[in-house]
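In case you want the letters, here they are:
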There are 2 protein chains.
Amino acid sequence: MDAIKNMVKERLELHGIKPSMQRMAVMEYLMTHRTHPTAEMIFADLYPEMPTLSKATVYNTLNLLVERGVVRLITIEEKNARFDACMDPHIHFRCRQCGAILDVNVEAHWIPAMPSGVSVEMSETYCIGYCAECNSKRVN
Amino acid sequence: MDAIKNMVKERLELHGIKPSMQRMAVMEYLMTHRTHPTAEMIFADLYPEMPTLSKATVYNTLNLLVERGVVRLITIEEKNARFDACMDPHIHFRCRQCGAILDVNVEAHWIPAMPSGVSVEMSETYCIGYCAECNSKRVN
DNA sequence: ATCCATTTTTAGAATTATTCCATTTTTGTT
DNA sequence: AACAAAAATGGAATAATTCTAAAAATGGAT
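About the criteria used
Residues numbered from 1 in each chain as written. Chains lettered and ligands numbered in written order. Predicted model: local features only at pLDDT ≥ 70, side-chain atom pairs only at ≥ 80, totals over all residues. Heavy atoms only, no water. Helix = DSSP H or I, 4+ residues; strand = E, 2+ residues; numbered from the N terminus. Least-squares fit on C-alpha atoms with pLDDT ≥ 70 in both. Axes fitted to C-alpha atoms, helices over the stretch in contact; angles between N-to-C directions. Parallel < 35°, antiparallel > 145°, perpendicular 65-115°, else oblique. Left-handed = near helix turned anticlockwise from the far one by under 90°. Contact = heavy atoms within 4.5 Å. Buried < 20%, exposed > 50% of the residue type's maximum accessible area, 1.4 Å probe, protein only. Pairing = 2+ DSSP bridges. Near = heavy atom within 4 Å. Polar contact = N/O pair within 3.5 Å; in protein donor to acceptor, adjacent residues only side chain to side chain. Nonpolar A, V, L, I, M, F, W, Y, C, P; charged D, E, K, R; others polar. Expected span 1.5 Å × (residues − 1). Arc of directions from axis to C-beta. Buried area = accessible area lost by both parts, 1.4 Å probe. Salt bridge = Lys/Arg side-chain N within 4 Å of Asp/Glu carboxyl O.

Novice: Talk me through unusual backbone geometry; I want residue IDs and the actual numbers.
Specialist: The backbone of His 36 of chain A sits at a positive phi, close to 55°, despite the residue not being glycine. Looking at where His 36 of chain A falls in the secondary structure, it is placed in the loop between helix 2 (21-32) and helix 3 (39-46).

As structure tokens, this is what we get:
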């Protein structure tokens, strides 16, 4: 019936994760909110509809999803970890002024030549500067 | 006399930072320890020789150095901020097993095309995987 | 259906990196 | 020496995340 819920379920099972209600909820949230939310944001938004949801479960689930490579952990902001369910190649940009985190699509991710013997499992690139809107308001 | 202390002093003054004892100590530490230390590590190592040093000062100094673009803040590890006084283009690699953080030199840093209006002040790339040593010990 | 083992969730306490705050010390200038 | 401004200090406060021990849910096997 619900196409999204099916995709969520499949994606979890594909990575060997049992699709419990809570895990489905967190995963669905990430797939439908491309806002790079923090654990706190996810919890706050899910809580009204799942009043017995625990913050620990949100953290447990996010950690599991990251470990299994289902979602990306973004450390572009020192304070909070942020999460992204989009695994297509893209990088992140954070505006120094308004704090917005934007996706920037790239054809493929840049992985420089590594010293021999080193194997790379994943790489992340992020940029920091001023977004178009904040730039236009800036005094020079 | 002390060539390093002079470099440290110059580098601070070049960025408009008054070279106090404490700031010199932190900056010298970063320039002579290419280990991407945490604030805690810097404090712990400096403390024996500067018993009145405060952790707050180490944090204040590191924040100032990062703001002024004298050192790089590295967020490759979720738990702690790490710092790097080397501003030459290079990226960081973290070994998932032993936790070592290595520099990987690159000719120039990769900055993908940004949406129009966006200005980029800095960018960071990091990779995570297994270092040569840990790789050789891994079971397949 | 029922029992049991395993997995998952839960609430709250604990941990810990970092920031904040009010005071003291240091520095530089008249 | 006196004073204002800047920097450093110690300890309390904050807040994100993890830990812990108990409760709930799940999934066979009988």
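From this point, things continue past the structure.
Novice: Can you explain the relation of the copies chain B and chain A? Please cite residues and give values.
Specialist: By a simple turn and slide, chain B fits onto chain A: the slide is 0.0 Å along the axis, the RMSD is 0.1 Å, and the turn is 179°. Within this description, the copies of the chain are treated as partners about a two-fold rotation axis. Ranked by how close their C-alpha atoms come to the rotation axis, the residues of chain B are headed by Thr 125 of chain B, at 2.1 Å.

Novice: Break down the packing of helix 2 of chain A against helix 4 (residues 55-67) of chain A for me, citing the residues and quoting the values.
Specialist: All names here are of chain A. Where helix 2 meets helix 4, the axes come as close as 10 Å, and the angle between the chain directions of the two elements is 70°. Relative to helix 4, helix 2 is oriented roughly perpendicular. You can see that helix 2 and helix 4 cross each other, and the crossing is right-handed. Mapping the contact onto sequence places Gln 22, Arg 23, Val 26, Met 27 and Leu 30 in helix 2 and Thr 57, Thr 61, Leu 62, Leu 64 and Leu 65 in helix 4.

Novice: How would you summarise the environment of Lys 18 of chain B if you had to cite specific residues and measurements?
Specialist: Assignment of secondary structure puts Lys 18 of chain B in the loop between helix 1 (3-14) and helix 2 (21-32). Judged by its relative accessible area of 66%, Lys 18 of chain B is exposed.

Novice: Can you lay out the pairing of strand 4 (residues 101-105) of chain B for me, pointing to particular residues and giving the numbers?
Specialist: All names here are of chain B. Bridging between strand 3 (residues 90-95) and strand 4 involves five bridges; their strand directions are antiparallel. Bridge assignment links Phe 93 to a residue of strand 4, and that residue is Leu 102. Turn length for the strand 3-strand 4 hairpin, with the two strands adjacent in sequence and antiparallel, is five residues, and the turn residue Gly 99 shows positive phi of about 85°.

Novice: Help me get a handle on the protein's contact with DNA strand D, residues and values and all.
Specialist: Around DNA strand D lies a shell of 17 residues, among which Tyr 59 and Asn 80 of chain A together with Ser 20, Thr 52 and Thr 57 of chain B are the nearest. Restricting the count to atoms of DNA strand D within 4 Å of the protein gives a sugar and phosphate share of 83%. In this structure, a phosphate oxygen belonging to DNA strand D sits 3.2 Å away from a side-chain N or O atom of Asn 63 of chain A. Sorting the residues of the surface near DNA strand D by element identifies helix 4 of chain A together with helix 2 and helix 4 (55-67) of chain B as the ones contributing at least two each. Its residues assigned to classes, the surface near DNA strand D comprises five nonpolar, eight polar and four charged.

Novice: Lay out helix 1 of chain B with the relevant residues and their values.
Specialist: Residue and element names in this part refer to chain B. Between its terminal C-alpha atoms helix 1 stretches 16 Å, which fits the 16 Å expected from twelve residues at 1.5 Å a residue. The complete set of buried residues in helix 1 reads Val 8, Arg 11 and Leu 12. One side of helix 1 holds all its buried residues, which, seen down the axis, span an arc of 100°. In helix 1, those exposed residues whose orientation departs by more than 90 degrees from the buried face are Ala 3, Glu 10 and Leu 14.

Novice: Would you mind going over the interface of chain B and chain A in detail, with residue names and values included?
Specialist: Taken residue by residue, the interface counts 35 residues in chain B and 35 residues in chain A. Summed over both sides, the interface of chain B with chain A buries roughly 2900 Å², with 62% coming from carbon and sulfur. Looking only at chain B, the three residues that lose the most surface to chain A are Trp 110, Glu 121 and Tyr 126 of chain B, adding up to 22% of its buried area. Run the count over chain B and chain A and you get two salt bridges. Summed over the shared surface of chain B and chain A, the number is 18 residue pairs in polar contact (both at pLDDT 80 or more). Listing elements by their share of the side of chain B that touches chain A, those giving two or more residues are strand 3, strand 5 (119-130) and helix 5 (132-137) of chain B. In terms of residue count, strand 5 of chain B provides more of the side of chain B that touches chain A than any other element does, twelve residues in total.

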